[in-house]
Every structure is written in structure tokens, then in C-alpha cells.
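# Report on the structure
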Amino acid sequence: MSAAERLAVAPLLDVVRARLADEPGQLTPHRVAVALREAGRPVGDATVLAVHEQLRREVLGAGPLDPLLRLPGVTDVLVNGPDAVYVDTGDGLRLTEVGFDDDAGVRRLAQRLAAQAGRRLDDAVPYVDARLPDGTRFHAVLAPVARPGTLLSLRVPGRRRLDLDDLLAARAVTPAGARLLARVVERRLAFLVSGGTGSGKTTLLGALLGLVPGHERMVLVEDASELRPDHPHVVALEARPANVEGAGEVPLRTLVRQALRMRPDRLVVGEVRGAEVVDLLAALNTGHEGGCGTLHANSASDVVARVEALAQAAGLPREAAHSQMAAALDVVLHLGRGSDGRRMLTEVAVLGRRDDGLVVAEPAVAVDDDGRLRDRGGADRLADLLDGSRS
Ligand SMILES: Nc1ncnc2c1ncn2[C@@H]1O[C@H](COP(=O)(O)OP(=O)(O)OP(=O)(O)O)[C@@H](O)[C@H]1O
Ligand SMILES: [Mg+2]
């Protein structure tokens, strides 16, 4: 659908959604046409088909999970076999009334969703990690590998993008913390956002990318497209797994290399989790400033070990990994949880080299539970980086 068509279709979607919600049934072009006519909006066939297609994409076809996936504020839906379905609508996991007749039902749904993403899921390879057409991240492991039954994990993309003001309002960062983060972006420092699973890494990265000056060209490289920064000049590359025949894979690593030929002012790797770390470090070592990404790590100081492990697994010797890291990365922004469970920036660390040449992440700022920033050993180095006395 062209942009113009999308614009024409958008106002009709709500009309049809409202009409169809009144009488549930199969979504067909005919019903769409009738609904529009009854609403006093008769349109041509092409528009009917465009509205139908758009609505069809909205309906995931996740069977009993569909109502959960439509809950306001839903972030995760987890299925632990046929008898336990959990949902998180922003305040932790909650067991729901939803269930399946038996594990075969869960398995069928898992296979159907996998097929929607063009992936295979069967006893030969009983797990899948994919993105559904609407952007939902979908993971499944079939029983009996999984217990107590087939396990599904769905991560629903935020309907609303959170910006730095939203993060301030959610007390994920303090005003002083936000100023520090803005300065990191402004100074074009290379940074990684670290934290545990679901700690808000991608969200914070997206918010920070919204601060990048509009004249800069941003190239995003992602495994599954999640980042939608509020910025006028963003292009994105999305990795692709091999198809059912095992062909056609486009790995992240290849895309990082492609991105470098696209004249990025900012190179962004959504989530660094494999061999692409080598290409990212190489890129940042060859004059591509302002690179950034997220990395799964339990503390800022773990980031070095994690990068080292990924780089070594990709064949880069330890010393090389450390010298590249030292030259490539400036700061680590670490996310954790406050005592009340809220996601928050807990630490900023600077990367430096020890006498033996190995890189360490030295804490520069620690954020208290009450939001106060406290200087740590690396504070002076961080100040140097931020005030621009660096070359
Ligand atoms: N500060 C925040 N306050 C409330 N909700 C948040 C906050 N940050 C992120 N979220 C929500 O938490 C969920 C997980 O966030 P996000 O995807 O950014 O985490 P992540 O660390 O990148 O996760 P993963 O480890 O899966 O990559 C999202 O639904 C997001 O909208
Ligand atoms: Mg993420």
C-alpha cells in the first residue's frame, strides 16, 4: 500500500472496526464493504480491499490469546502449556482464565504463528524465535522438550513509543540523569545500554535516538525491527533467518557491514548478541563515531566480559577484542530495577584500560534508589568525555 493509500484508508479503519466489533464473524472484503456502506462511507473496490488487508494484518489469529494481546498496556503474554496463561499489562505477571483444551491445541497455535513468520517448528527443531507480521516477538518451545507443556512467549510491541520525557515521568531517569544521557548523545559518544531481560534497554535506546540532531543520518541494524526513533532521517535493515529450506539467511553481521557503506552518521545495532559485535567494534574503530546498541548484561562491569565472550566466539583473540573495545566504546548505561520494581537507569560506567591492557568498565555515576546521582571512581573520566575536552 502506498503512503497516499494508507492515508486514505486510515480514517476508515476505525469505522469498520467499530461496526465489526458489534457483530463478530469472519473478516471478509464483503463484510468490510457492507460495514462502510452502512456507516455512510461507500468506497471503491480497491479501498475496500486495502481496508480489509489492513484489518486482516491486525488480527493476529492467535486464537484464545487474541483478547489478551488486545488488552491495553499489554507487554507480554506467556503460555506455560494448556493450563496456565499469564499476561503482563505493565505491573507484573498475572495468571489469566484463558486456557487450551490440551497441549495439542497450544502446539497447533505455536506452529501456526511460526508459519506466519515463515518459520518451521516441529520435533526436529522444536523451538523458534521469530517476529510476527504485526511486529510481535514470538518465541516457542514444543513439549516434551518444554515442561509443563508447549511454551509460548509473546512480547507485544509498545503501541506508544516512550520518549525521554515519558521515562522521566516514569521515574526511570532523574532530571540530572536525563541531562547526562542527552550529553552522551550530543557528544556522539559510543555507548551500550545494558541490563537484564526486559529491563527497558531497547526503550531507552529508542528514546535517546530521538535526541540525535535531525541533520544526522541514522542507520539501524536489527534482528527484529523494534526501534522506531522519533527522528527525520532513519533507515533500517532487518536480519532474516533462513527459510524452511535453510536458505536465504541474512545475518546481523552482514547487515552491519552493509550499513557502513550507507554513510551513517550514527550506526545503531539494536541488540548486540553475536558475531556482529566484531563488525561493530571494527566500525567504531574506523571513524564511525556515535555508534550505539543494547547488550544483555547483569551489570555494567559484566559488559566487558560479555563483549569479550561474543567477540571470542566469533574468532577474535582476547587481546584484539580488548584493544578494539577500548578504542571503540566510551560508556555503558546500565538499567536495573528500583526497590519498588520500576525500571531505572542505575549506573553509568566508562570503559578504560588497566595496566595489563585489559578493558574494565569503571563505575562513574551510580543512581540511588531515591534517584540521586553519586560520583564513583570514573566520574572524572566521564566528565572529560562529556565536556568535550577529548579530541
Ligand atoms: N521505564 C519504563 N517504565 C515502564 N515500562 C517500560 C519502561 N521501559 C520499558 N518499558 C516497557 O517494558 C517492556 C520491555 O522494554 P524493552 O523492550 O525496552 O526491554 P529490553 O531490555 O530491550 O528487553 P529485551 O531483553 O527483551 O530486549 C516494553 O513493553 C516497554 O514498553
Ligand atoms: Mg531489547
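## Considering the overall build of the protein
For the protein, the helix and strand inventory stands at 13 helices and 15 strands. Relative to its length of 391 residues, the protein is compact, with a C-alpha radius of gyration of 23 Å against a globular reference of 21 Å. Considered along the principal axes of its C-alpha atoms, the protein spans approximately 70 × 50 × 45 Å. For the protein, the exposed area adds up to about 19,200 Å²; of that, 50% sits on carbon and sulfur atoms. The protein carries 49 positive and 54 negative side-chain charges, and their two centres are separated by 2 Å.

## Concerning the domain arrangement of the protein
Per the domain assignment, the segments making up the protein are domain 1 (1-60), domain 2 (62-159) and domain 3 (164-387). Distance from the C-alpha centre of domain 1 to the C-alpha centre of domain 3: 41 Å.

## Quick look at the side chain of Thr96
Take Thr96: it is sitting in the loop between strand S3 (93-95) and helix H5 (103-116). Within the structure, Thr96 has its side chain in polar contact with the backbone oxygen of Val85 (distance 2.8 Å). Of the polar contacts made by the side chain of Thr96, one reaches the backbone nitrogen of Val98; its length is 3.2 Å. Setting aside chain neighbours within four positions, we find Thr96 in contact with Leu68, Val85, Tyr86 and Val87.

## Quick notes on the site of ligand 1
Lining the immediate environment of ligand 1, one finds 14 residues, of which Thr75, Gly198, Lys201, Thr202 and Thr203 sit closest. Within the backbone of Gly198, a nitrogen or oxygen atom sits 3.0 Å from an oxygen atom of ligand 1. Contact between ligand 1 and Lys201: an oxygen atom at 2.8 Å from a side-chain N or O atom of the residue. Relative to its free-state accessible area of 620 Å², ligand 1 is covered by the protein chains to the extent of 83%. Broken down by element, the shell around ligand 1 gets its largest block of residues, three residues, from helix H8 (residues 201-209). Within the shell around ligand 1, the residues separate by chemical class into two nonpolar, eight polar and four charged. Counting residues domain by domain, the shell around ligand 1 receives three or more from each of domain 2 (62-159) and domain 3 (164-387).

## Here's the deal with the pairing of strand S4 (residues 127-131)
Alternating residues of S4 divide into Val128 and Ala130, all buried, and Tyr127, Asp129 and Arg131, none buried. In this sheet, strand S5 (residues 137-141) lies alongside S4 in antiparallel orientation, the contact comprising five bridges. Paired with Tyr127 across the strands is Val141, a residue of S5. Count of turn residues in the S4/S5 antiparallel hairpin: five residues, of which Gly135 carries a positive phi of about 100 degrees.

## So, a negative patch on the surface
Residues Asp375, Asp380, Asp384 and Asp387 make up a contiguous surface patch of negative charge. Take the negative patch: its biggest share by element is three residues, from helix H13 (residues 379-387). Tracing the chain through its elements places Asp387 in helix H13.

## Some thoughts on the pairing of strand S2 (residues 85-88)
Pairing between strand S1 (residues 76-80) and S2: four bridges, direction antiparallel. Looking at S2, one finds that Val79 is bridged to Val85. Hairpin geometry of S1 and S2 is characterised by an intervening segment of four residues between the two adjacent antiparallel strands and by a positive phi of about 75 degrees at Gly81.

## As for helix H12 (residues 318-328)
For H12, every residue scored as buried is listed here: Ala321, His322, Met325 and Ala328. The buried residues of H12 all sit within an arc of 140 degrees when viewed along its axis, so they share a single face. Considering only its buried residues, H12 is in contact with helix H10 (276-285), helix H11 (302-313), strand S13 (343-353) and strand S14 (359-367).

## Focus on the sheet that holds S2
Here we have six strands laid out as an open sheet, ordered S3-S2-S1-S6-S5-S4, and antiparallel in their pairing. Each edge of the open sheet carries a strand with a single partner, namely S3 and S4. Across the sheet, the mean angle from the axis of one strand to that of its neighbour is 15 degrees, orientation sign disregarded.

## A look at unusual backbone geometry
The amide bond that connects Ala143 to the next residue, Pro144, takes the cis arrangement and shows omega of 5 degrees. Relative to the helices and strands, Pro144 is located in the loop between S5 and strand S6 (151-155). The amide bond that connects Arg147 to the next residue, Pro148, takes the cis arrangement and shows omega of 5 degrees. Its location among the elements puts Pro148 in the loop between S5 and S6. One non-glycine residue, Arg171, adopts positive backbone phi at about 60 degrees. Here Arg171 is to be found in the loop between helix H6 (164-169) and helix H7 (175-186). One non-glycine residue with positive phi stands out, namely Arg263, at about 50 degrees. On the secondary structure map, Arg263 appears in the loop between helix H9 (252-260) and strand S10 (266-272). We classify Arg263 as exposed; its relative accessible area is 59%.

What counts and what doesn't
- Residues numbered from 1 in each chain as written.
- Chains lettered and ligands numbered in written order.
- Predicted model: local features only at pLDDT ≥ 70, side-chain atom pairs only at ≥ 80, totals over all residues.
- Heavy atoms only, no water.
- Helix = DSSP H or I, 4+ residues; strand = E, 2+ residues; numbered from the N terminus.
- Rg over C-alpha atoms; globule rule 2.2 N^0.38 Å.
- Areas by Shrake-Rupley, 256 points an atom, 1.4 Å probe, with all protein chains shown as cover.
- Lys, Arg positive; Asp, Glu negative; His and termini not counted.
- Charge placed at Lys NZ, Arg CZ, Asp CG, Glu CD.
- Domains from an automatic or database assignment.
- Polar contact = N/O pair within 3.5 Å; in protein donor to acceptor, adjacent residues only side chain to side chain.
- Contact = heavy atoms within 4.5 Å.
- Near = heavy atom within 4 Å.
- Nonpolar A, V, L, I, M, F, W, Y, C, P; charged D, E, K, R; others polar.
- Buried < 20%, exposed > 50% of the residue type's maximum accessible area, 1.4 Å probe, protein only.
- Pairing = 2+ DSSP bridges.
- Patch = residues over 30% accessible without salt bridge, like charges linked within 9 Å, V, L, I, M, F, W, Y side chains within 5 Å.
- Salt bridge = Lys/Arg side-chain N within 4 Å of Asp/Glu carboxyl O.
- Arc of directions from axis to C-beta.
- Axes fitted to C-alpha atoms, helices over the stretch in contact; angles between N-to-C directions.

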